[in-house]
Amino acid sequence: MMNTKIISFTGILTTLSIAHTSYAQQAEQHPNVIIILADDIGYTDLGCYGAKKIKTPAIDQLARQSIIFTNAYAPASTSSPSRYALLTGEYAWRKNVGILPADAPLTISPATTTLPEMFRRNGYQTAIVGKWHLGLGTKDIPVDFNREIKEGPLAIGFDYAYYFPATNDRVPCIYINNEKVDGLTPNDPINVSYKQKIGSDGTGKENPDKLIMKPHLGHDGTIINGISRIGWMSGGNSARWQDDKMGEHLLNKTISYIKKHADSPFFLYYAPHNAHEPRVPSPAFKNKSKAGIYGDVIEEFDYYVGKIIQTLKETGIYENTIIVLSSDNAPMIKEGYQDGALENINGHNPYGNLRGEKYSLHEGGNKVPFIFSWPQKIKRPFIQTQPFIYLDMLATFADMLNLPITKKELKDSRSGASLFTQVQAPLYREYIMTQNNGGEIAIRKGKWKFLPQRKNKNAELYNLENDPSELHNLIFAYPQLAQKLKIEIEQVYNKNNLKSATKLFSVLLASKR
Ligand code: CA
C-alpha cells in the first residue's frame, strides 16, 4: 500500500488532528501563492511519495513542512483539460477541451473568473511562467506568431506571461513574452502547420539521419535541435528554444519575477515542461539519477523547486508564501520518442500500485502528488487521505483566504478548505469526477470508483478501499449501486448538451496525433 510508504517516510509527522481554524481568520496580510504544476509526473515519482531511485531532496524537504495529499486527483489524465479545470474551476468536458495544438483558439473565455483573475481583483500581481497549452487567438482570427498575441494568458487574468504555446513536443518551439514571440526577427517570420510540411527544415520522416532520438508515430514533423516534433514550422530561427536549456531559462524568468514582486502579494503559476517528452535534461542532470533519463528530468525539476524556495527565503517571503506542488496528469513512459526512458528506468515505477497511465480513466492516469506548503500557518504538518480534486482550488483559495467570489463564478469548483486544516476532515464533496482526453468520465464516491460503459469498454466498478489497483470489477456484484452512480453522472452531463459534446470529442480524438 502506498500510504504505508508515505507514512514511513514522513514518520515524524503527527497524525493527530489539528484544531480546525480557518486560515482566513488568521491571515494578517495576503500570502503569496505559487502553483508549481509539473508536466507528466506520476504519483510515486517523488521521494516523499515513495520513489527510491529518483532523488528529490528539495521537494521532500518542502513536504516535511506541508500537508501531503495521498488521494489528490488531477481533473483529467491529459494536459489541456487538466489545466483548463485548474484555472477555471470548470469541468473541461463542458467546453470540449482535449489536447490542443498550438494554433487552437483560446479555450477560456476572457469573461471567465479564473484563478488568476480572482487573485488580481483582490490586489494580487499575477503571472504564468512555462507551459500554456490552452489555445491562442480566436476561432475567427487564428493566432499569428508574428503579431501581438492578445488572446492568451493576458486575456484571462495574468498580468505577466512568459510561456511556450503548447507542449515541448509540438511546434512552434518558441517562447512568448507577454504578447510577442521572444527573440523573433522580422525578416524570419514563423509559419506553423499541423496539416502538412511547410518550409525547408528537415523532418523526422524525411531526414532520420539528423535526429538525436527516433520518433514514434505523429512526432516526425519539423526537426528542431535534432528532435522532430508534432507539426511543422518554418522561420523564427533566432527565437527557437534549446531543449537542454529550457528548464533553466524558465527558472530564471520565475526567479526574476519573484524578486521583482517580493513586496506585493503575487499569484504565480509556474508550469515547467519536466518530465514531458522529449526528455532532454540539462548537462548537469544527464545520467545523474538511478532511473535513467526519466529520473534525470525529475531530479532536474526538483532542483528548480529548490531554487524557487531558496529565492523565497532570500527575499524574506518564504514564510508567508503558499506553495502548491502537483502534476497535470500521470506519465506515459514510452510515448512520442524512443529515448530509452523505459529501457533504463531500472525498476522505478511512477504509478505505485495504481492501474493505468496518462490518457486513462483508472487511478494511474489522474492520481498525482499534491503538496500544500504555507510555513507561517502550518505548524503541524500532516498527511491528508481524503479525496481531493484540484479543480477545486478556485473555491478552496476563495474560502481559505477570504477572497470574494460568487457561486456562479465558482462553476464546478467546491471548497475543500477543511482538508487543509483537519486530518479527519469530512468529505467536502459528494463525488470526485475525473475525465480522460476524450471527455469520458469516471467518478469516485467514497470508496467506490465507477467507470460507465464507453467506446468498446464495459462499465467498471471498484472498491478502492480493498482494491486500489482496480483489478476486480464488481459491476455484476453491485448492479444497483452501479446504476445509481450511472444516473448521477448522467444528471451532471445532461445539464449540458451531451450529444453535441460527444460529437466534438470524436473530432478531437480523430485529430489527435
Ligand atoms: Ca501533461
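Calculation criteria
Residues numbered from 1 in each chain as written. Predicted model: local features only at pLDDT ≥ 70, side-chain atom pairs only at ≥ 80, totals over all residues. Heavy atoms only, no water. Salt bridge = Lys/Arg side-chain N within 4 Å of Asp/Glu carboxyl O. Helix = DSSP H or I, 4+ residues; strand = E, 2+ residues; numbered from the N terminus. Buried < 20%, exposed > 50% of the residue type's maximum accessible area, 1.4 Å probe, protein only. Donors = N, O, S within 2.8 Å, 3.2 Å for Na, K, Ca; no water. Pairing = 2+ DSSP bridges. Contact = heavy atoms within 4.5 Å. Axes fitted to C-alpha atoms, helices over the stretch in contact; angles between N-to-C directions. 1 Å grid on protein atoms, 1.4 Å probe; cavity = no way out; pocket = protein on both sides within 12 Å on 5 of 7 lines; lining within 4 Å. Points joined across faces, edges and corners; volume = space filled by probe spheres on them. Nonpolar A, V, L, I, M, F, W, Y, C, P; charged D, E, K, R; others polar. Core = buried A, V, L, I, M, F, W, Y, C linked by side-chain atoms within 4.5 Å.

*Asks:* In this structure, what is going on with the pattern of salt bridges? I would like to understand it.
*Replies:* This model, assessed by the stated rule, comprises 31 salt bridges. Across the pair E409 and R121 runs a salt bridge whose closest N-O atoms are separated by 2.9 Å. Taken together, the residues span a long stretch of sequence, with E409 in helix 10 (residues 407-410) and R121 in the loop between helix 5 (115-120) and strand 4 (125-131) at a distance of 288 residues. Look at E409 and you get buried, because its relative accessible area is 18%. K150 is the salt-bridge partner of E179, the closest N and O atoms lying 3.0 Å from each other. One end of the pair, E179, is in the loop between strand 6 (176-177) and strand 7 (180-181); the other, K150, is in the loop between strand 4 and strand 5 (160-164), with 29 residues separating them in the sequence. Connected through salt bridges with shared partners, the residues D39, R83, K131 and D328 form a single ionic network.

*Asks:* Looking at this structure, how should I read the coordination of the calcium ion?
*Replies:* For a metal bound by four donors in a tetrahedral arrangement, the ideal donor-metal-donor angle is 109.5 degrees, while six donors in an octahedral arrangement ideally sit at 90 or 180 degrees. For the calcium ion, the full set of protein donor atoms is D39 (OD), D40 (OD), D328 (OD), D328 (OD) and N329 (OD1), at a range of 2.2 to 2.6 Å. Taken in sequence order, the residues that donate to the calcium ion follow the motif D-D-x287-D-N. Overall, the relative accessible area of 0% leaves D39 in the buried class.

*Asks:* How should I be thinking about the pairing of strand 16 (residues 370-373) in this particular structure?
*Replies:* Side-chain positions along a regular strand alternate between the two faces of the sheet. The alternating pattern of strand 16 places F370 and F372 on one face and I371 and S373 on the opposite face, and all of these are buried. Note: strand 2 (residues 66-69) against strand 16, 4 bridges, orientation antiparallel. When the bridges of strand 16 are listed, S66 appears paired with S373. Sheet topology places strand 14 (residues 321-327) next to strand 16; 4 bridges connect them, and they run antiparallel.

*Asks:* What is the right way to read the sheet that holds strand 16 from this model?
*Replies:* The strands that make up a sheet pair up through hydrogen bonds in the backbone, lying either parallel or antiparallel. Strands sit in the order 7-6-5-4-13-1-14-16-2-17 across an open sheet of 10 strands; the sheet is mixed. With one partner strand each, in any of the chains shown, strand 7 and strand 17 (382-384) form the two edges of the open sheet. In the sheet, strand 2 pairs with strand 17 via 3 bridges, with the strands oriented parallel. The partner of I68 across the bridge, within strand 17, is I383. On top of the sheet, helix 6 (residues 246-260) reaches strand 1 (32-38), strand 4, strand 5 and strand 13 (266-271); it is set at about 175 degrees to strand 13, its chief contact.

*Asks:* Would you take a moment to explain empty space enclosed by the protein for this structure?
*Replies:* Using a probe with the size of a water molecule, rolled over the atoms, empty space left in the structure can be pinpointed. For the coordinates displayed, the defined rule picks out 3 cavities of 30 Å³ or more. Its volume calculated, the largest cavity comes out at about 60 Å³. Looking at the largest cavity, the residues that line it are P387, L427, Y428, R429, E430, Y431, I432, R444, K445 and G446. Partitioned by chemical class, the residues of the lining of the largest cavity number 5 nonpolar, 1 polar and 4 charged.

*Asks:* Would you take a moment to explain the nonpolar core for this structure?
*Replies:* Across soluble globular proteins, nonpolar side chains show a tendency to be buried alongside one another. Of all hydrophobic cores here, the largest spans 150 residues; its most connected members are F372 and F397. With 10 residues, helix 7 (residues 292-314) is the largest single contributor of residues to this core.

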